[in-house]
Amino acid sequence: MTSERPEFWNYCAHCGAELGLDDWPPVVELVHDIDDHSIYSFCDDGCKAAWNRSE
Ligand SMILES: [Zn+2]
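Definitions and limits used
- Residues numbered from 1 in each chain as written.
- Predicted model: local features only at pLDDT ≥ 70, side-chain atom pairs only at ≥ 80, totals over all residues.
- Helix = DSSP H or I, 4+ residues; strand = E, 2+ residues; numbered from the N terminus.
- Buried ≥ 20, exposed ≤ 12 C-beta atoms within 10 Å, placed from the backbone.
- Contact = placed C-beta atoms within 7 Å.
- Core = buried A, V, L, I, M, F, W, Y, C linked by C-beta atoms within 7 Å.

### Observations concerning the overall build of the protein chain
Of regular secondary structure, the protein chain possesses one helix and two strands. N-terminal to C-terminal, the α/β element order of the protein chain is β-β-α. Relative to its 55 residues, the protein chain shows a buried fraction of 20%. Excluding contacts between residues fewer than 6 apart, the proportion of contacts in the protein chain whose partners are at least 24 apart in sequence is 35%.

Here's what the structure looks like:
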């Protein structure tokens, strides 16, 4: 079984824009909490910054 990209990587975590299926997400943020590791994809640095501000 090949490893498929997680579904949540197909969309920008901030604006919800669909990202190219053939490309690695332009911006990927890994959030390491005490007992949880989350990965978010963003369409560009602006969305990543906006998402960080909204937290
Ligand atoms: Zn976006």
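### Some words on the nonpolar core
In a soluble, globular protein the nonpolar side chains are often hidden away together inside. By size, the foremost hydrophobic cluster in this structure holds seven residues: C12, A13, V27, Y40, F42, C43 and C47. In contact with V27, not counting residues within four places along its chain, are S41, F42, D44, D45 and K48.

### A few points about the environment of D45
Position of D45 among the secondary structure elements: in helix α1 (residues 45-54). The spacing of D45 and V27 is 18 residues in sequence and 6.6 Å in space, taken between C-alpha atoms.

These values are about where atoms sit, not about what they do.
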